[in-house]
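# Descriptive structure summary
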Amino acid sequence: MQFGSLLNSAPYTISLMVTNTISSNTHVKRNCLETPEQSSSGLGLCHKYRPERSPHMNTSIFRLAAVTLIATFAITAQSFAQNVTFTGHSDVVKSVTISADGKFAVTGSFDKTARMWNLESGMPVGVISEYPEAVLSVAAASNGHHLITGTADNRVMVCRCTDGLPVKNFRGHTGPVYSVDITTDMRYVASTGIDRSVRVWNFAGDSLAMAFNAHRAPVWTVKFSPDGSLLASAGSDRIVQLWSVSDTTHVRSFEGHTAPIWDVAFSADGSKLVTGSVDKTVRIWDVATGNLVATMEGHTGSVYAVAFSPDSRLVASGSSDGTIRLWNSSTGALVTTMNAHQAGVMDLAFTPDGERIVSAGKDNTVRAWQTHRIDAAMPSLNPEQTGDVRAKS
């Protein structure tokens, strides 16, 4: 069964007893879930996060329930983009991922839930799971059957999309897991977070395949290349590290950001990397050489999220300034700016056809934006252009 199977499911409630785990009897202080620039050290919640014991429980309860939500629609005509707003989360929406068929978005939130949305009908599908702590990262498996989540109680969990039940738990992190990813062939799951380690797990075998420990500070993001041969990680030490998955060797480092790096993404062919940083810049790098290709300036706040469009002609960036900006990936020129979320854009993702961007907001909302008109309005790109292009809005 695929993501859409939940649409035809009867309402249900599932309770699971989880005992003797690192996350039992804990909860997170809401005000400790900070982003890097909110702490004086630039390390975000890593130095403040302290699980607290509850005297009332000896188990963690996971509850899954179909819910009745109302999707509200706010249609705007702004820089070619049309915006659909999904409401239901009661706290910051930290992460978003899109199903391989492009029909569904899944979001993770500080409200301790992961929720699924039907992008075609605009209707919510329901709550996939209710966790004991914040859901900080989500990634969808290519088969449409599984969702991977990273949570504030140090877990990497795999849930079935048919009923929301957890089927795998990868344990080993000693701090909140801020980023997860899965290879297209579903061989490996990657995770990283506050404990500074980058871990790669065998999806089928439930075991640790490899671990990398080159970062000197918390790691906020980890991404596989499209073919799964490379793994990029970045965080508060301001450096992107690139790893070979086949032989676990360190390939190279990318240096230039002047503040923590919050997100990284590969182009469709794996030849370029894009990064977003607290230094308010978006940068594109050549994977083969490590050279800086372009620096895009214009955001007035930290850049939390970046992504290449499926054809790699556009780069999207989301910021604490509340905007999504689209850039020409060859020239570094600004294409358009969208006022996306009132309190900041925490994450974003393109649909596989490239016609929509789905964004997660600090204002507790999820929004979908049309991009096909923007793409049609772009001038032709020159793939031969190289060098450090510095563009400003």
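My aim in this report is to walk through the structure given alongside it, one point at a time. (Residues numbered from 1 in each chain as written. Predicted model: local features only at pLDDT ≥ 70, side-chain atom pairs only at ≥ 80, totals over all residues. Heavy atoms only, no water.)

## Quick notes on the overall build of the protein chain
Helix and strand counts for the protein chain stand at one helix and 31 strands. Buried positions account for 61% of the 393 residues belonging to the protein chain. Across the protein chain, the fraction of contacts at a sequence separation of at least 24, relative to all contacts at a separation of at least 6, is 49%. Of the roughly 14900 Å² of accessible surface on the protein chain, a fraction of 48% belongs to carbon and sulfur atoms. (Helix = DSSP H or I, 4+ residues; strand = E, 2+ residues; numbered from the N terminus. Buried < 20%, exposed > 50% of the residue type's maximum accessible area, 1.4 Å probe, protein only. Contact = heavy atoms within 4.5 Å. Areas by Shrake-Rupley, 256 points an atom, 1.4 Å probe, with all protein chains shown as cover.)

## What to know about the pairing of strand β9 (residues 146-151)
Within β9, six of the six residues are buried, leaving the element largely enclosed by the surrounding structure. The turn linking strand β8 (residues 135-140) back onto β9 is made up of five residues, and Gly 144 within it adopts a positive phi angle of 75°. Bridging between β9 and strand β10 (residues 156-160) involves five bridges; their strand directions are antiparallel. Residue pairing across strands places His 146 opposite Arg 160, the latter belonging to β10. Linking β9 to β10, which pair antiparallel, is a turn of four residues; within it Asn 154 sits at a positive phi near 75°. (Pairing = 2+ DSSP bridges.)

## Brief notes about unusual backbone geometry
Although it is not a glycine, Met 186 adopts a positive phi angle of roughly 60°. Mapping Met 186 onto the fold places it in the loop between β12 (177-182) and β13 (188-193). Not every positive phi belongs to a glycine, and Asn 364 is a case in point at roughly 75°. The topology assignment puts Asn 364 in the loop between β29 (356-361) and β30 (366-370).

## Digging into the sheet that holds strand β26 (residues 323-328)
What the four strands build is an open sheet, ordered β24-β25-β26-β27; its pairing is antiparallel. In the strand order of this sheet, the two ends are held by β24 (303-308) and β27 (334-339), each with one partner. In this sheet, adjacent strand axes meet at a mean angle of 15° when their direction is disregarded. Direction of pairing for β24 relative to strand β25 (residues 314-319): antiparallel, over a ladder of five bridges. From the neighbouring strand, Ala 307 faces β25, where its bridge partner is Ala 316. (Axes fitted to C-alpha atoms, helices over the stretch in contact; angles between N-to-C directions.)

## Side note on the pattern of salt bridges
All told, the structure shown has seven salt bridges when counted by the stated rule. Measuring nitrogen to oxygen at the nearest pair gives 4.0 Å for the salt bridge that ties Asp 111 to Arg 115. Across this residue pair, the class does not change: Asp 111 and Arg 115 are buried. Between Arg 160 and Asp 163 there is a salt bridge whose closest N-O contact spans 2.5 Å. Under the relative-accessibility criterion, Arg 160 is labelled partly exposed at 30%. (Salt bridge = Lys/Arg side-chain N within 4 Å of Asp/Glu carboxyl O.)

## Concerning the sheet that holds strand β28 (residues 345-350)
The strand order across the open sheet formed by four strands is β3-β30-β29-β28, and the pairing between neighbours is antiparallel. A strand with exactly one partner marks an edge of an open sheet, and here the two such strands are β3 (83-86) and β28. Across the sheet, the axes of successive neighbouring strands diverge by a mean angle of 20°, strand direction being ignored. Taken together, the five bridges between β28 and β29 define a ladder with antiparallel strand orientation. Each residue of the ladder has a partner; that of Leu 348, found in β29, is Ser 359.

## Points about the packing of aromatic side chains
Summed over the entire model, instances satisfying the criterion amount to eight aromatic pairs. Taking the centre distance of 4.4 Å and the plane angle of 20° together, the rings of Phe 212 and Trp 243 count as stacked. Here the residue Phe 212 occupies a position in strand β15 (residues 207-212), and Trp 243 occupies one in strand β18 (residues 239-244), the gap between them amounting to 31 residues. Ring geometry for Trp 220 versus Trp 262: centroids 4.8 Å apart, planes at 40°, classification tilted. Here Trp 220 is found in strand β16 (residues 219-224), whereas its partner Trp 262 is found in strand β20 (residues 261-266), with 42 residues between them in sequence. Site record: aromatic cluster; members linked through ring pairs are Tyr 178, Trp 220, Trp 262 and Tyr 304. One residue, Lys 168, lies across the ring of Phe 203, its end atom 5.2 Å from the ring centre. (Phe/Tyr/Trp six-rings, centres within 6.5 Å; stacked < 30°, edge-to-face > 60°. Lys NZ or Arg CZ within 6 Å of the ring centre and 35° of its normal.)

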